[in-house]
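# Overview (structure and organization)
One letter stands for each residue in the lines below.
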Protein chains: 2
Amino acid sequence: METVVMKFGGTSVATPEKIIGVAKRAIAEKEKGKRVVIVVSAMGKTTDTLLGLAAEISAEPPKREMDMLLATGEQVTISLLAMAFKQLGHEAVSFTGWQAGIETESVPRNARIEQIHTERLEAVLDSGFIAVVAGFQGVDRIGNITTLGRGGSDTTAVALAAALKAEKCDIYTDVDGVYTSDPRFVGGARKLEQISYDEMLELANLGAGVLHPRAVEFAKNNNVPLTVRASYSDEPGTIIQEVVTVEKNLIVRGVAFEPGIARVTVTYNKPFNGSLANIFMTLAENHIDVDIIVQSISEEFQPSVSFSIKEDSLEEVRRVLDVNKETIGFMSTDFEVGLAKVSIVGSGMVSNPGVAARMFDILRQSEIPVKMVSTSEIKISVVVPGGDMEKSANALHEAYGLG
Amino acid sequence: METVVMKFGGTSVATPEKIIGVAKRAIAEKEKGKRVVIVVSAMGKTTDTLLGLAAEISAEPPKREMDMLLATGEQVTISLLAMAFKQLGHEAVSFTGWQAGIETESVPRNARIEQIHTERLEAVLDSGFIAVVAGFQGVDRIGNITTLGRGGSDTTAVALAAALKAEKCDIYTDVDGVYTSDPRFVGGARKLEQISYDEMLELANLGAGVLHPRAVEFAKNNNVPLTVRASYSDEPGTIIQEVVTVEKNLIVRGVAFEPGIARVTVTYNKPFNGSLANIFMTLAENHIDVDIIVQSISEEFQPSVSFSIKEDSLEEVRRVLDVNKETIGFMSTDFEVGLAKVSIVGSGMVSNPGVAARMFDILRQSEIPVKMVSTSEIKISVVVPGGDMEKSANALHEAYGLG
């Protein structure tokens, strides 16, 4: 019997009525003769309420205890959803992360799934029950409750789909698919029928916001077909899978953008060759995500490296660099905030030279200064002033004929 | 190093401020050089809110899922309390029921603790951390979250005190000790300094409401000294332990009472001797608590048995009896609601004949009809009309010189 995994986010389960709606939607799949696993997030604003309670007690609560606290959010949803199934005449069993066998590393608030022990889930599914699983959470080897960080529920859904060898994993969300760009800011943005994992990965990484990159990566590595679709309609959504049969010819498939970027430049001691590695090792040890890294060494200048981070981690980056100044061995740092990243993505790029040159030309025509550049085989990103983000995205979207 | 277990109920942890207050109270014990375990309930009205959510989905939600839902209440409290300790400069680790190794039978909403695997708790305590444990919950052998039913958090505290061989178990509550009767209804009620387990057990069973009988029984069986004391003051409270050195001479130590009682009378087939056992086996299998049982067989009448139950289980009792009418083998049933139980308790009774006679005489003088009677070595209970409950309690409290 085929297995389907369905994932519903917080807004889709925000009230008891909506939970009943989700149950009905899942029952339709069940009645097609599928084994059904549903992954859900915390109801609506529950997480905010819990964060508010914690903030009343401590400005910097211990991360392990934050996980303990936040994990209750999804536990409420799964129990209510299981009750809804029973009420609608179907048998369901709810599972917390640890009950679903989701074992993670011991990194509170940002744990990665290490393995999934599916025995109990399989047994319940084989008995004809619907399995309702708490997203976003797991358990480490010594029994601490962990949470998976941003996009955690998507990751739970994909990881379960992979572990259960599911036919598909449907991510129900508040948009009806993946677009060529964000329709709220780019007038001509258009929904894509299909997209490859790599393209989605770049779009997800670039702030398209529909799916978390960890989830997409997990899907790609395990070849799980993913669908992003609306929880409020029966529209087919966008399928994310390895072979994209339609629209192959377009070089650029989407334009993504993300505000709130800061640039950090570190100038370091010429003779100390370890500095570059030290900087990024130190940041990684402090769980700081660095995005674009640009380095260019010349004989004339002190060596320096620039990198982009999210603005809201700037304080932490400054603190970490200061504390480790001696170990890292750097001379000075320089920061710039209020930036944005704009990127074009498309797997056709790899065989089409001149895409970057064209991009820079389009931006120059719009008089947009380019602060940083980063390229991969299927993506080119530029960092521009925040105020130019929307203009850049629209100009690129139009120039590449995506509308 | 001595271990103390401290238990705080829902009203004591109703707000973040109160949680910080609880933490301060526990830190005082810790600074006396103790190993400290704190057991807490869900915050204030959390349980009611969760019940409300469930009620919006189903009038009769599956019990397993109710446990899943309700267990989140204490999980929120333990994480916040652990954060409060950290904020106050002390190290603490929170534990859900399953993390604390509290293994229960597989009876949702009313599970009994079967054993406690203390390895992890011991390790954390030995490292100098304060352990914060979720009351009211455990896990069954196959990993389902269970809750312990009424008085569950008291039971958790006492069971942990027994398992950890604690020096004492302090139950912090919204009253400052055990009284000779309920001061809200009996003017002269007075706080007791000490009371024996058996006396407390009878008082607890009889609706004194301070401590759940399961907790007292657990304490008695494991010889755990219990203290009932106020969470809002430093008054010493009432100590519950085996040897009571003070006030030995009083025959009656307390007057307890409880409204909301119903009487059920079942008349059964004379030749079928199994009927009596069948009735109570059937009720027990359906997890219905029966209190007083009265039977008197004479040659003249059909055999019948009367028993008292809580009014709110009457519907269920009627349903269970109806469904099992043939198996049980009874003829007719008769019900009376709106009754109350009033009891006198004291370990001195056993060596003082005539206590019951005196009790009936006092009630007769107050013109209170006695519907049922039950006696034990240290307790006499009568069932009276609900409207006479308070009058009965006051008359008995005064007549036995408890004021």
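All values reported here derive from a predicted model rather than from experimental measurement.

Glancing now at the overall build of chain A. The number of helices and strands found in chain A is twelve helices and 18 strands. Computed over the C-alpha atoms, the radius of gyration of chain A is 23 Å, within 12% of the 22 Å expected from 2.2 N^0.38 for a compact globule of 403 residues. Structurally, chain A occupies a C-alpha span of about 75 × 50 × 35 Å along its principal axes. The burial tally for chain A puts 56% of its 403 residues in the buried class. Surface accessibility of chain A: about 17000 Å² in total, with carbon and sulfur atoms responsible for 50%.

Turning our eyes to something else, we now look at the sheet that holds strand β17 (residues 372-376) of chain A. All names here are of chain A. The strand order across the open sheet formed by six strands is β14-β15-β13-β16-β18-β17, and the pairing between neighbours is antiparallel. This sheet does not close on itself; its edge strands, each paired only once, are β14 (293-295) and β17. Averaged over neighbouring strand pairs, the angle between their axes works out to 30° when direction is ignored. Alignment of strand β13 (residues 254-268) against strand β15 (residues 304-310), held across seven bridges, turns out to be antiparallel. Residue pairing across strands places Thr-265 opposite Ser-306, the latter belonging to β15. Its contacts with the sheet put helix α8 (residues 275-285) on β13, β14 and β15, and the angle it makes with β15 is roughly 15°.

All right, on to the relation of the copies chain B and chain A then. When chain B is fitted to chain A, the best match, at an RMSD of 0.1 Å, comes from turning it 180° and sliding it 0.1 Å along the axis. Classification of the inter-copy transformation places it as that of a two-fold axis. When C-alpha distances to the rotation axis are compared across chain B, the minimum falls at Thr-72 of chain B, with a value of 2.6 Å. By residue overlap, the copies meet face to face through one surface: 100% of the interface positions of chain B are interface positions in chain A.

Residues and elements named next belong to chain B. Pairing is antiparallel in the open sheet, where six strands are placed in the order β14-β15-β13-β16-β18-β17. With one partner strand each, in any of the chains shown, β14 (293-295) and β17 (372-376) form the two edges of the open sheet. Direction aside, neighbouring strands of the sheet carry axes that sit 30° apart on average. Helix-sheet contacts for helix α8 (residues 275-285) involve β13 (254-268), β14 and β15 (304-310), and the interaxial angle to β15 is about 15°. Sheet contacts for helix α11 (residues 355-365): β16 (330-345), β17 and β18 (379-385); angle to β18, the most-contacted strand, approximately 20°.

In this section: the interface of chain B and chain A. Counting residues at the interface gives 44 residues for chain B, matched by 44 residues for chain A. Carbon and sulfur atoms supply 66% of the area that chain B and chain A bury against each other, a total of about 3400 Å² over both sides. Where chain B packs against chain A, one counts zero salt bridges. At the junction of chain B with chain A, the criterion picks out 14 residue pairs in polar contact (both at pLDDT 80 or more). Elements with a minimum of two residues in the side of chain B that touches chain A: α1 (16-30), α2 (46-57), α3 (63-87) and β3 (92-95) of chain B. The greatest single-element share of the side of chain B that touches chain A, amounting to 17 residues, is contributed by α3 of chain B. Classifying every residue of the side of chain B that touches chain A by side-chain character gives 28 nonpolar, ten polar and six charged.

Attention now goes to α8 of chain A. All names here are of chain A. Restricting attention to buried positions, one finds in α8 the residues Ser-275, Ile-279, Phe-280, Thr-282 and Leu-283. Buried residues of α8, seen end-on, are gathered within an arc of 155° and therefore sit on one face of the element. Opposite the buried face of α8, by more than 90 degrees, sit the exposed residues Met-281 and Glu-285. Buried residues along α8 sit against β13, β14, β15, α9 (314-323) and α10 (325-328). His-287 sits one or two positions beyond α8 and adopts a positive phi of about 55°.

Residue and element names in this part refer to chain B. With six of seven residues buried, β18 lies mostly within the body of the structure. The sheet contact formed by β16 and β18 spans seven bridges and is antiparallel. When the bridges of β18 are listed, Ile-344 appears paired with Ile-380. Examined bridge by bridge, β17 and β18 share five bridges and lie antiparallel to one another. The residue bridging Val-373 from the neighbouring strand is Val-382, located in β18.

A few words now on the domain arrangement of chain A. One frequently used descriptor of interface size is the decrease in accessible area upon assembly of the parts. When the domains of chain A are assigned, the result is domain 1 (3-174) and domain 2 (255-399). Taking only C-alpha atoms into account, the centre of domain 1 of chain A sits 35 Å from that of domain 2 of chain A.

A word on the packing of helix α2 (residues 46-57) of chain A against helix α3 (residues 63-87) of chain A. Residue and element names in this part refer to chain A. Packing of α2 against α3 leaves a shortest axis separation of 9 Å and a crossing angle of 150°. Classed by the angle they form, the pair α2 and α3 counts as roughly antiparallel. Note that α2 runs across α3; the crossing there is right-handed. Taken together, the residues of α3 that come into contact with α2 (itself represented by Thr-46, Thr-47, Leu-50, Leu-51 and Ala-54) are Met-66, Leu-69, Leu-70, Thr-72 and Gly-73. Grouping the constituent residues of the contact of α2 with α3 by class yields six nonpolar, four polar and no charged.

Attention now moves to the nonpolar core. Counting 78 residues, the largest nonpolar core has Leu-80 and Phe-85 of chain A together with Leu-80 and Phe-85 of chain B as its most contacted members. Here Phe-85 of chain B is in contact with Ala-23, Ala-26, Ile-27, Ile-38, His-90, Ala-92, Ile-130 and Val-132 of chain B, once residues within four sequence places are set aside.

So, on to the environment of Lys-165 of chain B. All names here are of chain B. The residue Lys-165 is located in the loop between α5 (152-163) and β9 (168-173) in this model. The exposure class of Lys-165 is exposed, given its relative accessible area of 70%. With 188 residues separating them along the chain, Lys-165 and Pro-353 place their C-alpha atoms 39 Å apart.

Attention now goes to the side chain of Ser-313 of chain B. Relative to the elements of secondary structure, Ser-313 of chain B occurs in the loop between β15 and α9 (314-323). In this structure the side chain of Ser-313 of chain B is engaged in a polar contact, spanning 2.9 Å, whose partner is the backbone oxygen of Lys-310 of chain B.

So, on to the packing of aromatic side chains. The way to describe two aromatic rings as a pair is by their centre distance and the angle between their planes. Residue and element names in this part refer to chain A. Evaluation of the coordinates by the stated rule reveals seven aromatic pairs over all chains. The interplanar angle of 10° and the centroid separation of 4.5 Å between the aromatic rings of Phe-8 and Tyr-172 together place this pair among those described as stacked. On the criterion of sequence distance, the pair formed by Phe-8 in strand β1 (residues 3-8) and Tyr-172 in strand β9 (residues 168-173) is long-range, its members being 164 residues apart. Neither residue differs from the other here; Phe-8 and Tyr-172 are each classed as buried. Sitting above the plane of the Tyr-400 ring, Arg-358 keeps its charged end 5.2 Å from the centroid.

This paragraph deals with unusual backbone geometry. Residue and element names in this part refer to chain A. Phi is positive for Phe-136, close to 80°, though the residue is something other than glycine. Counting through the fold element by element, Phe-136 comes out in the loop between β6 (130-134) and β7 (137-139). Classification of Phe-136 as buried rests on a relative accessible area of 17%. With phi around 50°, Asn-223 is a residue other than glycine that occupies positive phi space. Relative to the elements of secondary structure, Asn-223 occurs in the loop between α7 (213-221) and β11 (226-230).

Cut-off values and rules
Residues numbered from 1 in each chain as written. Chains lettered and ligands numbered in written order. Predicted model: local features only at pLDDT ≥ 70, side-chain atom pairs only at ≥ 80, totals over all residues. Heavy atoms only, no water. Helix = DSSP H or I, 4+ residues; strand = E, 2+ residues; numbered from the N terminus. Rg over C-alpha atoms; globule rule 2.2 N^0.38 Å. Buried < 20%, exposed > 50% of the residue type's maximum accessible area, 1.4 Å probe, protein only. Areas by Shrake-Rupley, 256 points an atom, 1.4 Å probe, with all protein chains shown as cover. Pairing = 2+ DSSP bridges. Axes fitted to C-alpha atoms, helices over the stretch in contact; angles between N-to-C directions. Contact = heavy atoms within 4.5 Å. Least-squares fit on C-alpha atoms with pLDDT ≥ 70 in both. Buried area = accessible area lost by both parts, 1.4 Å probe. Salt bridge = Lys/Arg side-chain N within 4 Å of Asp/Glu carboxyl O. Polar contact = N/O pair within 3.5 Å; in protein donor to acceptor, adjacent residues only side chain to side chain. Nonpolar A, V, L, I, M, F, W, Y, C, P; charged D, E, K, R; others polar. Arc of directions from axis to C-beta. Domains from an automatic or database assignment. Parallel < 35°, antiparallel > 145°, perpendicular 65-115°, else oblique. Left-handed = near helix turned anticlockwise from the far one by under 90°. Core = buried A, V, L, I, M, F, W, Y, C linked by side-chain atoms within 4.5 Å. Phe/Tyr/Trp six-rings, centres within 6.5 Å; stacked < 30°, edge-to-face > 60°. Lys NZ or Arg CZ within 6 Å of the ring centre and 35° of its normal.

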